[in-house]
Amino acid sequence: MTALLQVNNLQVRVEDNEILHGLTLTVNAGEVHAIMGPNGSGKSTLSHVIAGKPGYEVTGGEILFKGEDLLEMAPDVRAARGVFLAFQYPVEIPGVTTMNFLRTALNAQRKARGESEFLVPEFLKKVRDVAASLNIPMDMLKRGVNVGFSGGEKKRNEVLQMALFQPSLCILDEMDSGLDIDALRVAADGVNALRSPERAMVVITHYQRLLNYIVPDFVHVMSKGRVVKSGGKELALELEATGYAQYEDVAA
Ligand SMILES: Nc1ncnc2c1ncn2[C@@H]1O[C@H](COP(=O)(O)OP(=O)(O)O)[C@@H](O)[C@H]1O
Ligand SMILES: [Mg+2]
């Protein structure tokens, strides 16, 4: 079986500093993986390189997505093929309403796949249904993308995009940062509703708390640019008890 995502010995530099030093990770369709690790261990860097954010130099290794060389694909091609990253810090886009952004992005992806574009009424109905399930008021979607959104609203907006785009690989970078328990539960429920045998999720988090709501099949510990330990969901609980200090030594 071809893995959905196969990262082999990935080495990445940012401004002459090597941040990822040979990272290997296999994610199959249907699986939920958690990546945990202290601040600065390279979690966001990994997510950015997979999504195709500029500014990163891959100096070694490879990333295969559905068996194809992901690093050869432009970011918009990656999105159209089904890669989605929910950012740790979602960007604000003043002047572009969330509704317009969602429709333009969704239709661009559909077009790239040779599918028909959604017309406005059809799209509106879809957004209304999904937004209601995520407690997102329609008023919020008439504002500029993320402009004046609270932390919780920004994260719910990321989940809304995920639900509309129906990507096959969802990467969630610190979805829990800045969320209170109620907001976290709404966002996590939205994510859980998207779990499916055809889709995989990579949930990046510093804390175990999120994994009470989105229960992973596998947990990986990252330290200093590598995966230093992998296990089942119990590994997250173990980490909560022992902290990351023991793994700092492993990576040194
Ligand atoms: N644009 C950048 N320029 C310089 N250093 C960076 C940049 N982005 C990340 N780094 C460095 O790379 C390391 C990993 O960062 P990051 O991937 O954000 O870690 P994490 O998400 O695990 O907290 C950190 O030491 C950080 O300072
Ligand atoms: Mg980060």
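Preceding block: the structure.
The model shown is predicted, which means the values in this text are computed figures rather than measured ones.

(A) Highlighting the coordination of the magnesium ion (ligand 2). Protein-derived ligands of the magnesium ion (ligand 2) are Ser-44 (OG) and Gln-88 (OE1), with the metal-ligand distances lying across 2.1 to 2.4 Å. Here Gln-88 lies in the loop between strand E6 (83–86) and strand E7 (93–97) and Ser-44 lies in helix H1 (residues 43–51), a separation of 44 residues in the sequence.

(B) Spatial organisation of the pairing of strand E2 (residues 17–27). In this structure, strand E1 (residues 5–14) lies alongside E2, joined through eight bridges in antiparallel fashion. Within E2, the position partnered with Val-7 by the bridge is Leu-25. Where E1 hands over to E2, the hairpin turn is made up of two residues, of which Glu-15 adopts a positive phi near 45°.

(C) Seen up close, the pattern of salt bridges. What the rule picks out here adds up to nine salt bridges. Three or more residues joined by partner-sharing salt bridges are found here, namely Arg-110, Arg-113 and Glu-115.

(D) Region of the structure containing the sheet that holds strand E3 (residues 32–36). Strands sit in the order E6-E9-E10-E3-E11-E12 across an open sheet of six strands; the sheet is mixed. Here the strands that pair on one side only, and so sit at the sheet edges, are E6 and strand E12 (226–231). Ignoring strand direction, the axes of neighbouring strands in this sheet form an average angle of 20°. The sheet contact formed by E6 and strand E9 (residues 169–173) spans four bridges and is parallel. For Leu-85, the partnering residue across the bridge sits in E9 and is Ile-171. Of the strands in this sheet, E6 and E9 touch helix H6 (residues 151–165), which is tilted by about 170° from E6.

(E) Broad picture of helix H3 (residues 98–112). End to end, H3 covers 21 Å across 15 residues, agreeing with the expected 21 Å (1.5 Å per residue, within 8%). Buried within H3 are the following residues: Thr-98, Met-99, Leu-102, Ala-105, Leu-106, Asn-107, Gln-109 and Arg-110. Directly after H3, the chain includes Gly-114, whose backbone phi takes a positive value near 80°.

(F) Focus on the site of ligand 1. Contacts to ligand 1 come from Val-14, Glu-15, Ile-19, Pro-38, Asn-39, Gly-40, Ser-41, Gly-42, Lys-43, Ser-44 and Thr-45. At 2.8 Å, a side-chain N or O of Lys-43 approaches an oxygen atom of ligand 1. Within the complex, 61% of the 570 Å² of free accessible area of ligand 1 lies under protein. Per element, the largest residue contribution to the shell around ligand 1 is three residues, and it comes from H1. The residue makeup of the shell around ligand 1, split by class, is three nonpolar, six polar and two charged.

What counts and how
- In this numbering scheme, every chain counts its residues from 1 along its sequence in written order.
- Here every chain gets a letter starting at A, and every ligand a number starting at 1, in the order they are written.
- In keeping with the predicted nature of the model, local features appear solely for residues at pLDDT of at least 70, side-chain atom pairs appear and are counted solely at 80 or more, and the whole-chain, interface and lining totals rest on all residues.
- Values shown for side chains rest on all heavy atoms present in the structure; no hydrogens or waters enter the calculation.
- Counted as donors are N, O and S atoms no farther than 2.8 Å from the metal, or 3.2 Å for Na, K and Ca; water is not among the atoms, and sites may therefore look incomplete.
- Numbering goes from the N terminus for both helices and strands, where a helix is a DSSP run of H or I of at least four residues and a strand is a run of E of at least two.
- When DSSP finds two or more bridges between a pair of strands, those strands are recorded as paired.
- Criterion for a salt bridge: a side-chain nitrogen of Lys or Arg within 4 Å of a carboxyl oxygen of Asp or Glu.
- With axes taken as lines fitted to C-alpha atoms, and helix axes fitted only over the stretch in contact, angles between N-to-C directions fall between 0 and 180 degrees.
- Should any heavy atoms of two residues lie within 4.5 Å, those residues are considered in contact.
- By this rule, a helix spans an expected 1.5 Å times one less than how many residues it contains.
- Only protein chains enter the accessibility calculation, which uses a 1.4 Å probe; a residue is then buried when its area is under 20% of its type maximum, exposed when over 50%, and partly exposed in between.
- We call a residue near a molecule or strand whenever a single non-hydrogen atom of that residue lies within 4 Å of it.
- For the purposes of these results, a polar contact is taken to be a pair of N or O atoms within 3.5 Å, where, inside protein, one atom must be able to donate a hydrogen and its partner to accept one; residues adjacent in sequence count only when each atom of the pair is a side-chain atom.
- Note on areas: these come from Shrake-Rupley sampling with a 1.4 Å probe, and a residue is covered only by the protein chains present in the view.
- When residues are grouped by polarity, Ala, Val, Leu, Ile, Met, Phe, Trp, Tyr, Cys and Pro land in nonpolar, Asp, Glu, Lys and Arg in charged, and all others, Gly among them, in polar.

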